[in-house]
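Each chain, written out:
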Amino acid sequence: MRLLIWVFILSIVQFHVAIAQNQKESFKNKTPKLIVGIVIEEMRYEMLLRYWDSFGDDGFKKIIDNGSLCTNAKYNYLITQNSVGHATIVTGTNPSYHGIIADTWYNRLTDKVINSTADNFSPQNLLVSSIGDEIKIGFNEKSKIISVALNPVSSVISGGRSADYAFWFNDEIGGWETGSYYTDSLPNWAKEFNLKKFQDVYMKKSWATLNSLAENYHSSLPDQNPFEMGFKNYRNTFPYELPFLQSKSGNYKYLKYTPYGNTYTKDFATSAIVGENLGKDDYPDFISISFSVTHYVNELFGPRSVEMEDAYLRLDKDLAHFIGFLDQEIGLNNVVVYITSDRGVSDIPEYLLSKKQNAGIFDGQQCIALLNSYLNILYDEGDWVSMYYARQFYINQKMLDKTGVLASEIQSRIADFVVQYAGVANAIPAAVLLSTNFESGINKKIQNSFNQKRSGDVLVNLEPGWIEKNGSVTASGSAYNYDTHVPLIWYGGGVSKSRIDKEIDMTDIAPTISWILKINSPNSSTGKPIVEIFP
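Fair warning: this is a prediction, and the values are worked out from it, not measured in the lab.

Reading the values: the criteria
- Residues numbered from 1 in each chain as written.
- Predicted model: local features only at pLDDT ≥ 70, side-chain atom pairs only at ≥ 80, totals over all residues.
- Heavy atoms only, no water.
- Buried < 20%, exposed > 50% of the residue type's maximum accessible area, 1.4 Å probe, protein only.
- Helix = DSSP H or I, 4+ residues; strand = E, 2+ residues; numbered from the N terminus.
- Contact = heavy atoms within 4.5 Å.
- Salt bridge = Lys/Arg side-chain N within 4 Å of Asp/Glu carboxyl O.
- Phe/Tyr/Trp six-rings, centres within 6.5 Å; stacked < 30°, edge-to-face > 60°.
- pLDDT = per-residue confidence, 0-100.
- Pairing = 2+ DSSP bridges.
- Axes fitted to C-alpha atoms, helices over the stretch in contact; angles between N-to-C directions.
- Parallel < 35°, antiparallel > 145°, perpendicular 65-115°, else oblique.
- Left-handed = near helix turned anticlockwise from the far one by under 90°.

Participant: Looking at this model, I keep getting lost on helix α6 (residues 131-138). Mind explaining?
Facilitator: The α-helix winds at 3.6 residues per turn, so residues separated by three or four positions along the chain end up facing the same way. In terms of burial, α6 is a largely internal element, six of the eight residues being buried. If you check which residues of α6 are buried, you get I131, G132, D133, E134, I135 and K136. Turning to α6, the residues buried within the fold contact α4 (82-91), β5 (145-149), β10 (285-291) and α21 (509-517). N140 occupies a position one or two residues after α6 and carries a positive phi of about 55°.

In structure tokens:
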């Protein structure tokens, strides 16, 4: 009798193991119809925790409770800027390979400053393939690749070289546009969307707090505080009348600085999914959606403002609506979603100083003037340093040719001088980066940002709390935790309910998608699939 009981128990266990194995095999044999990449610009991981209690039940909370949360996802390079982050996400590699070393850099041959998306908003500066490119190749051009963002740089870089369309916001008309790299004209569904003039509806609104200002927003500084710039010549406290802001600018640019810009992005993305029939056939499609408002709000108000918290509470509702739309339109079992950020953001230096922290603003142009004076004493008179961009000093090649001084010697002199400057933690010559293989630490992060063709002669790492002078109250761009540690959430068909605490490199996203779709990873990918997100 006892033997029969054990046989019965064993058969039940084997039955459940077989079911689990069949479910796993089912995932392996099933390809999602749509991959959705959601990038929330300048979202530090801690913001997810800071605002958690204020989120609703159907946005971030529902996605995380039913998905896979990577708690320790980080970028592993120095210059954590907008275009660099987007490029890293879709290529699965660092700037040293994909070539998008910063939002802008100096070209020695042309003596011009280069924008990451060139002058015509194209992805041609991307040196390697992206996940969108590999999906196109892997499914014989039958898949569709779409990207949407208020910020044109975010959209262009995320789409990769093979995108069918990259759409972005036009400040002047308030509608959505694309570039000649993709097509000569907008598709009909996009034209119809623009004709509805939703931008006029939003610009008639007032931006007041979603909840009671007196009883909520305890995770932020007071609405009235001395650290915010706010809307120039207007105000930095709620409410904000959008009609007045529009009358000041004469266009629609201020829509990007309010939560309605995220809602507008979500509405256009849903129209793109319907208009392009994404997820409706046997060939998986990819859409990247960047919510850029959080970046723009940071510029004026900083990451601890009521404005920022309100933007996230409203974005939480937009995410809830969008996830519901995906479930109704395509079915969540046919969709895999990842939610992350292109980089974090620093605190406002004046705020940190008020808390007795080390902080400040580094003025690269002022440093160039002092550098040239110093080098004129040592060598011939002239402008030895041509440019400073994104923590990089570029030496004037004409001065080297004229004097015969070795580049490595000047680089070393500059590094030794700059490291004495207030706010500078490290300065490394390009010659050292080319001759040494760093395994870890800040030097490894600097090396991951260094591309021999595009990077400067000396790269600088600022001290924690210090930002570059850039006209806004805050900035991104460092190798520190507040700039590198971002959320990464996976959700949808087959994704396990799990929490992954091990360190994840942000280069792992693209190879994970390739693994899910059973195609090649981007050609210079250095990341590894995050296999734990599936049971």
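Participant: Can you walk me through the pattern of salt bridges in this structure?
Facilitator: As a working rule, side chains carrying opposite charge can pair if their charged atoms are close by. The full count for this structure, using the stated rule, is 18 salt bridges. A salt bridge links R44 to D347; its shortest N-O distance comes to 3.6 Å. In this pair, R44 is assigned in the loop between β1 (34-40) and α2 (45-50) and D347 in the loop between β11 (335-340) and α14 (349-354), connecting sequence segments 303 residues apart. Owing to a relative accessible area of 4%, R44 belongs among the buried residues under this scheme. Across the pair D457 and R108 runs a salt bridge whose closest N-O atoms are separated by 3.0 Å. Here D457, found in the loop between α19 (441-449) and β16 (458-462), pairs with R108, found in the loop between β3 (104-107) and β4 (112-115); they are 349 residues apart in sequence, far enough to count as distant. The class of D457 is buried, set by a relative accessible area of 10%. Among the residues examined, R108 registers a relative accessible area of 31% and is labelled partly exposed.

Participant: Teacher, can you tell me more about the packing of aromatic side chains here?
Facilitator: Aromatic ring pairs are reported here in terms of the distance separating the ring centres and the angle at which the planes meet. For the structure shown, the criterion picks out 41 aromatic pairs. Where Y106 meets Y394, the ring centres are 5.3 Å apart and the plane angle is 75°; that geometry is what we call edge-to-face. With a gap of 288 residues between them, Y106 in strand β3 and Y394 in strand β14 (residues 392-395) connect regions that are remote in the sequence. Pair check on accessibility: Y106 and Y394 agree, each one buried. On the numbers, 4.8 Å between centres and 50° between planes, the contact of Y388 with F393 is tilted.

Participant: I keep staring at the confidence of the model for the protein chain and nothing clicks. Help me out?
Facilitator: Detail in the predicted coordinates should be disregarded across regions flagged by low pLDDT. When the pLDDT values of the protein chain are averaged, the result is 94; 95% of them are 70 or greater. Predicted confidence for residues 15-28 stays below pLDDT 50, and this span has five contacts to residues more than four positions away or in other chains.

Participant: So what exactly am I meant to see when it comes to the environment of S440 here?
Facilitator: Summarising the element assignment, S440 is placed in the loop between α18 (430-435) and α19. Under the relative-accessibility criterion, S440 is labelled exposed at 57%. Along the sequence, S440 and N76 sit 364 residues apart, while their C-alpha atoms lie 9.6 Å from each other.

Participant: What's the story with the pairing of β11 in this structure? I'm lost.
Facilitator: Along any regular strand, the residues point their side chains to alternate faces of the sheet. When you tally the buried positions in β11, you get six out of six residues, the bulk of the element. Residues V335, V337 and I339 of β11 are buried on one face, and the alternating residues V336, Y338 and T340, pointing to the opposite face, are buried as well. As defined by bridge partners, β1 adjoins β11 across six bridges and the pair is classed as parallel. Of the residues in β11, the one forming a bridge with V39 is T340. For β11 and strand β18 (residues 485-492), the ladder comprises five bridges, and the chain directions are antiparallel. Note that in β18 the partner of V336 across the bridge is G492.

Participant: Please clarify how the packing of α4 against helix α7 (residues 152-159) should be interpreted in this entry.
Facilitator: Helix-helix packing is described using two parameters, namely the angle between the two axes and the distance between the axes. Where α4 meets α7, the axes come as close as 8 Å, and the angle between the chain directions of the two elements is 20°. As summarised for this structure, α4 and α7 are arranged roughly parallel, according to the angle between their axes. Of the two possible hands of crossing, α4 and α7 adopt the one that is right-handed. Contact residues: N82, S83, H86, A87 and V90 in α4; V153, S154, I157 and S158 in α7.

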